[in-house]
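In case you want the letters, here they are:
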Amino acid sequence: MSLVLNVDGPVWRDHLQSFAAAHPGLVPVLKGNGYGFGLGRLARKSTWLGVDTIAVGIHEELGEVANRFDGSLLVLTPWRPFGAALELAPGSPLTRRVIHTVSRLEDVEALLAHDPSARFVLERTTSMLRHGLSARELREAGALLEARGGLASQLRGVALHLPLAQGSHVGEVRRLMTDVVAAGLHTTTIWVSHLSDAELATLAAAYPDYTFRPRAGTGLWLGARGATRVTATVLDTHAVERGDVFGYRGRSAPKAGTILVVSGGTAHGIGLEAPAGDLSLKARAATLARGGLDAVGFVRSPFSIDGKQRLFAEPPHMQASMLFLPAGARVPAVGDVVDVRVRYTATAFDRTEVS
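What counts as what
Residues numbered from 1 in each chain as written. Predicted model: local features only at pLDDT ≥ 70, side-chain atom pairs only at ≥ 80, totals over all residues. Heavy atoms only, no water. Buried < 20%, exposed > 50% of the residue type's maximum accessible area, 1.4 Å probe, protein only. Helix = DSSP H or I, 4+ residues; strand = E, 2+ residues; numbered from the N terminus. Pairing = 2+ DSSP bridges. Arc of directions from axis to C-beta. Contact = heavy atoms within 4.5 Å. Patch = residues over 30% accessible without salt bridge, like charges linked within 9 Å, V, L, I, M, F, W, Y side chains within 5 Å. Areas by Shrake-Rupley, 256 points an atom, 1.4 Å probe, with all protein chains shown as cover. Salt bridge = Lys/Arg side-chain N within 4 Å of Asp/Glu carboxyl O. Lys, Arg positive; Asp, Glu negative; His and termini not counted. Charge placed at Lys NZ, Arg CZ, Asp CG, Glu CD. Axes fitted to C-alpha atoms, helices over the stretch in contact; angles between N-to-C directions. Parallel < 35°, antiparallel > 145°, perpendicular 65-115°, else oblique. Nonpolar A, V, L, I, M, F, W, Y, C, P; charged D, E, K, R; others polar. 1 Å grid on protein atoms, 1.4 Å probe; cavity = no way out; pocket = protein on both sides within 12 Å on 5 of 7 lines; lining within 4 Å. Points joined across faces, edges and corners; volume = space filled by probe spheres on them.

Undergrad: Explain the pairing of strand β4 (residues 72-75) here, please?
TA: With burial as the criterion, each face of β4 is covered, one bearing S72 and L74 and the other bearing L73 and V75. Strand direction decides the pairing type here: strand β3 (residues 53-56) and β4, joined by four bridges, are parallel. Counterpart to V56 in the pairing with β4 is V75.

Quick look at the structure:
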């Protein structure tokens, strides 16, 4: 009676190997819920892939992967002089494996004051405008490091976190690379996110003295279409007539049908998924349509029965949801499983089964 992620193991593993082979220098990204698979499982699978570095989202996630992967551990969230980053003891076996991301000029000095042997990458801000050093700050960081001898063994590269925008990133990366070259840094490694294979090939040819290391999460772990399936279990069924009252909020059935109780609720992320942010006219029209349905108590759920997404009878509960099936629709039996369409990065699964 759980929300289960079912994985076709052979298909998934073949995809992982093919992806890694096609992306030299690959840095698998592990963060949050591990794209539905769990951080520990993905750390072990990264070892199986033979990569030398993995990336986690925050310093708090290091403990979940450190004992399952022996290589370097890149932390994507920038280092700050507070919080979990300061709990890493300088010189400890774990700390020596960590590569911090530094995105502010003042943090370069603060990190080295906290741990003189710290390894790190400098993040150059991109059009995302989330974290990063400006061109001037990158040059100042280069001068600061040069005054310390360059710290070539500690500076592991420059990080570029690009947006998920349509169109080519090559022009932007070329401009950013001009700033990297001008900074005079003692590194030739560029850590990049969200570049296509064609863009990576173009940049590698344009900058043969530099090594571009792609950081990949979704495309790696979730790129095998059809290899994963999420299922919920039918827990109860109740036939209702129009006007019958049901649920926590005493709603009335809009017409005859069946109230279906299935596993999976807000504790799993059902009904709490982040919006996609699609600004197309089609997406806006769909949003308006869903809003109109919501006003009369009809909200589309992620649960699918016989290939058709069904409506929530009321907002999902913590560990279960109530669906409404109209009269004439096939009613699954208690214990049957139904498909669930979820965003894997926003969902907590009770169990992951890999064949």
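Undergrad: Any chance you could explain helix α5 (residues 105-114) here in plain terms?
TA: In an α-helix there are 3.6 residues to a turn, and that puts residues three or four apart on one side. Those residues of α5 lying buried are L105, D107, V108, L111 and L112. Axial view of α5: buried residues confined to an arc of 155 degrees, hence all on one face. Of the surrounding elements, those touching the buried residues of α5 are β5 (98-102), β6 (119-123) and α6 (135-147).

Undergrad: Please explain a positive patch on the surface as it appears in this structure.
TA: On the surface, K255, R300, K308 and R341 cluster together into a positively charged patch. A residue is classified by how much of its surface remains accessible, and K308, at 49% relative accessible area, is partly exposed.

Undergrad: Explain the packing of α5 against α6 to me, please; I cannot follow it from the model alone.
TA: In helix packing, the relevant descriptors are the interaxial angle and the interaxial distance, both defined with respect to the helix axes. Running from amino to carboxyl end, α5 crosses α6 at an angle of 25 degrees, the nearest separation of the two axes being 9 Å. Put simply, α5 runs roughly parallel to α6. Contacts from L105, V108, E109 and L112 in α5 reach E137, E140, A141, L144 and L145 in α6. Tallied by class, the residues present in the contact of α5 with α6 amount to six nonpolar, no polar and three charged.

Undergrad: What is the right way to look at the layout of surface pockets in this model?
TA: In this approach the atoms are scanned with a rolling probe the size of a water molecule, which exposes any empty space left behind. In this structure, the largest pocket spans a volume of roughly 960 Å³. Along the walls of the largest pocket sit 34 residues, with K31, Y35, H161, S193 and H194 positioned nearest its centre. If you list the elements that add at least two residues to the lining of the largest pocket, you get β7 (155-161), β8 (189-193), α8 (197-206), β9 (211-216) and α9 (218-221).

Undergrad: Looking at this structure, I do not really get α8. What am I missing?
TA: E199, L200 and L203 are the residues of α8 that are buried. Along the axis of α8, the buried positions cluster into a sector of 100 degrees, meaning they face one direction only. Exposed side chains of α8 directed beyond 90 degrees from the buried face belong to A198 and A205. In this fold, the buried residues of α8 make contact with α7 (170-182), β8 and β9.

Undergrad: Quick question: what am I supposed to make of the pattern of salt bridges here?
TA: Charged atoms that come close allow side chains of opposite charge to pair. In this structure the tally under the stated criterion is ten salt bridges. Here R213 makes a salt bridge to D52, at a shortest N to O gap of 2.8 Å. Residue R213 is located in strand β9, and its partner D52 is located in the loop between α2 (39-49) and β3; the two are separated by 161 residues in the primary sequence. Among the salt bridges present, the one from R80 reaches D107, with a minimum N-O distance of 3.1 Å. Residue R80 is located in the loop between β4 and α4 (93-97), and its partner D107 is located in helix α5; the two are separated by 27 residues in the primary sequence. In this structure, R80 and D107 share a single accessibility class: buried. Taken together, the salt bridges that share partners define one network made up of R80, R104, E106 and D107.

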